[in-house]
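The primary structure of each chain is shown beneath.
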Amino acid sequence: MNKFSIAIHGGAGTLVKGMMTPEKETAYKQALQKALDAGYAILKNGGTAVKAVETAVKSLEDSHLFNAGKGAVFTATETHEMDASIMDGKNLEAGAVSLISGIKNPISLARDVMEKSEHVFLAGEGAMQFAKENDYQLENPEYFYDELRHQQWLNIKDTDNFQLDHSAKKDSKFGTVGAVACDKNGNIAAATSTGGMTNKRYGRVGDSPMIGAGNYANNKTCAVSCIGSGEFFIRGVVAYDVSCLMEYKGLSLKEASEEVINKRILEIGGDGGLIAVDAQGNISMPFNTEGMYRGIKTSEGENLVLIYQ
Ligand code: ASP
């Protein structure tokens, strides 16, 4: 039997240790562990990598602590616009949604795009129409209301500023969530979900729903979910770049992911991180920020939930 494993992330950036209260730290760690356990249970019971990453991301979307689903940040017009994508490394099938509102679990809608439509990427009103036709119920705006997120938005509303989910030092804490997994059959998958940036306008879309930029999976190489400054991750085609370094240059998962995060993305000015898995169940989680909420759980008994370097 193949080693099976799952990794998740829930935000990266200047997570300054002193600014975090013990209570908050515990809450984050508990939410991460819950998501890890949920995804791992699917793998343990013989479920697919796709199901495992969807399940873990749904758990993170249901927590107000992360910038995805329930905890999504506010747009310039005080609404929530969410993006998500999922990819199956076994057959390169993928699904993505962007600029959607009121959907409790955007990652499930992305999976439905992959499995129930002829398309890969649906956005805005059309994506909402697809959700309705697939019997999604819409949550009220109150479901997505969070005092902290609202305050973050109030601080910059009516300005031209837009910013990544907050940190104490500068506007560089990213709260996107994601999961990558390798199942018992050696199939891998990646899922990513986000509320994007506070006070975003003009239908801004980041890397998270873009296959190849924020999310990618291919059994031949790796499954990757990214977190960070989306504009740079799009230009760096980060997730696919990791895969390409493995496929064309023969780098290992660790070498390829570290090369991209610690060198190539930095060279163009991007900060953030990624989680990645290969079809042997190996995991790599590099980031070039001070911290990244992350966790791994494997069939070899590893179970880690970490925040700082
Ligand atoms: N990458 C996301 C975006 O640009 C932000 C994040 O990682 O929090 O939309």
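Structural notes, computed from the coordinates. (Residues numbered from 1 in each chain as written. Predicted model: local features only at pLDDT ≥ 70, side-chain atom pairs only at ≥ 80, totals over all residues. Heavy atoms only, no water.)

Time to look at the environment of Leu-138. Examined against the element boundaries, Leu-138 turns out to sit in the loop between helix H4 (124-133) and helix H5 (147-156). A relative accessible area of 47% places Leu-138 in the partly exposed class. On a C-alpha basis, the gap between Leu-138 and Ile-103 in space is 5.6 Å, while along the polypeptide they are 35 residues apart. (Helix = DSSP H or I, 4+ residues; strand = E, 2+ residues; numbered from the N terminus. Buried < 20%, exposed > 50% of the residue type's maximum accessible area, 1.4 Å probe, protein only.)

Taken residue by residue, H5 has Arg-149, His-150, Gln-152, Trp-153 and Ile-156 as its buried positions. Down the axis of H5, the sector holding all buried residues measures 155 degrees, keeping them to one side. Put simply, Asp-146 is the residue that caps the front of H5, since its side-chain oxygen is 3.2 Å from the backbone nitrogen of Arg-149. Looking one or two places after H5, you find Asp-158, whose phi comes out positive at around 65 degrees. (Arc of directions from axis to C-beta. Polar contact = N/O pair within 3.5 Å; in protein donor to acceptor, adjacent residues only side chain to side chain.)

For the structure shown, the criterion picks out eight aromatic pairs. Ring centres 4.3 Å apart and planes at 10 degrees place the aromatic pair Tyr-28 and Tyr-293 in the stacked group. Here Tyr-293 lies in strand S12 (residues 291-298) and Tyr-28 lies in helix H1 (residues 22-44), a separation of 265 residues in the sequence. For Tyr-293, a relative accessible area of 3% puts it in the buried group. For the pair Tyr-216 and Tyr-240, a centre-to-centre distance of 5.1 Å together with 75 degrees between the ring planes defines the contact as edge-to-face. Of the two residues, Tyr-216 is situated in strand S8 (residues 215-217) and Tyr-240 in helix H7 (residues 238-249); the sequence distance between them amounts to 24 residues. Exposure remark for Tyr-240: the relative accessible area of 31% places this residue in the partly exposed category. The ring of Tyr-143 carries the charged tip of Lys-70 above its face, separated from the ring centre by 4.3 Å. (Phe/Tyr/Trp six-rings, centres within 6.5 Å; stacked < 30°, edge-to-face > 60°. Lys NZ or Arg CZ within 6 Å of the ring centre and 35° of its normal.)

Judged by pairing direction, the sheet is antiparallel, and its four strands sit side by side in the order S8-S9-S10-S11 without closing on themselves. The open sheet has two edge strands with one neighbour each: S8 and strand S11 (283-284). In terms of strand pairing, S8 meets strand S9 (residues 223-228) through three bridges, oriented antiparallel. By the bridge assignment for S9, Asn-215 is matched with Ser-225. Seen against the sheet, helix H8 (residues 253-267) touches strand S10 (272-277) and S11 and runs at an angle of roughly 165 degrees to S10. (Pairing = 2+ DSSP bridges. Contact = heavy atoms within 4.5 Å. Axes fitted to C-alpha atoms, helices over the stretch in contact; angles between N-to-C directions.)

Attention now goes to the side chain of Ser-193. Along the chain, Ser-193 falls in strand S7 (residues 188-194). Residue classification places Ser-193 among the buried residues on the basis of a relative accessible area of 0%. Engagement of the side chain of Ser-193 in a polar contact is seen with the side chain of Glu-61, the distance being 2.6 Å. Beyond its immediate sequence surroundings of up to four residues, Ser-193 is in contact with Val-57, Glu-61, Asn-67, Ala-68, Asp-83, Ala-84, Pro-106, Thr-176 and Val-177.

So, about a nonpolar patch on the surface. Side chains of Val-120, Phe-121 and Ile-211 sit close together on the surface and give an oily, nonpolar patch of about 220 Å² of accessible area. With respect to the helices, strands and loops of the structure, Ile-211 is situated in the loop between S7 and S8. (Patch = residues over 30% accessible without salt bridge, like charges linked within 9 Å, V, L, I, M, F, W, Y side chains within 5 Å. Areas by Shrake-Rupley, 256 points an atom, 1.4 Å probe, with all protein chains shown as cover. Salt bridge = Lys/Arg side-chain N within 4 Å of Asp/Glu carboxyl O.)

Turning next to the packing of helix H2 (residues 49-61) against helix H3 (residues 106-116). Direction vectors running N to C along H2 and H3 enclose 150 degrees, while the axes themselves pass 8 Å from each other. In terms of orientation, H2 lies roughly antiparallel with respect to H3. Residues Val-50, Lys-51, Glu-54, Val-57, Lys-58 and Glu-61 of H2 form the contact with H3, whose participating residues are Pro-106, Ile-107, Ser-108, Arg-111, Met-114 and Glu-115. Per-class residue counts for the contact of H2 with H3 are five nonpolar, one polar and six charged. (Parallel < 35°, antiparallel > 145°, perpendicular 65-115°, else oblique. Nonpolar A, V, L, I, M, F, W, Y, C, P; charged D, E, K, R; others polar.)

Once that is clear, we can look at the pattern of salt bridges. With the rule as written, the count across this model stands at 14 salt bridges. The partner of Lys-51 in a salt bridge is Glu-54, and the shortest N-O contact between them spans 3.9 Å. Of the two residues, Lys-51 and Glu-54 are both situated in helix H2; the distance of three residues between them amounts to about one turn of the helix. You can call Glu-54 buried: its relative accessible area is 7%. Where Arg-264 meets Asp-241, a salt bridge forms, and the shortest distance between an N and an O atom there is 2.8 Å. With Arg-264 in helix H8 and Asp-241 in helix H7, this pair connects stretches of sequence that are 23 residues apart. In the salt-bridge network here, residues are joined through shared partners; they are Lys-51, Glu-54, Arg-111 and Glu-115.

As far as function goes, none of this settles anything; it's purely spatial.
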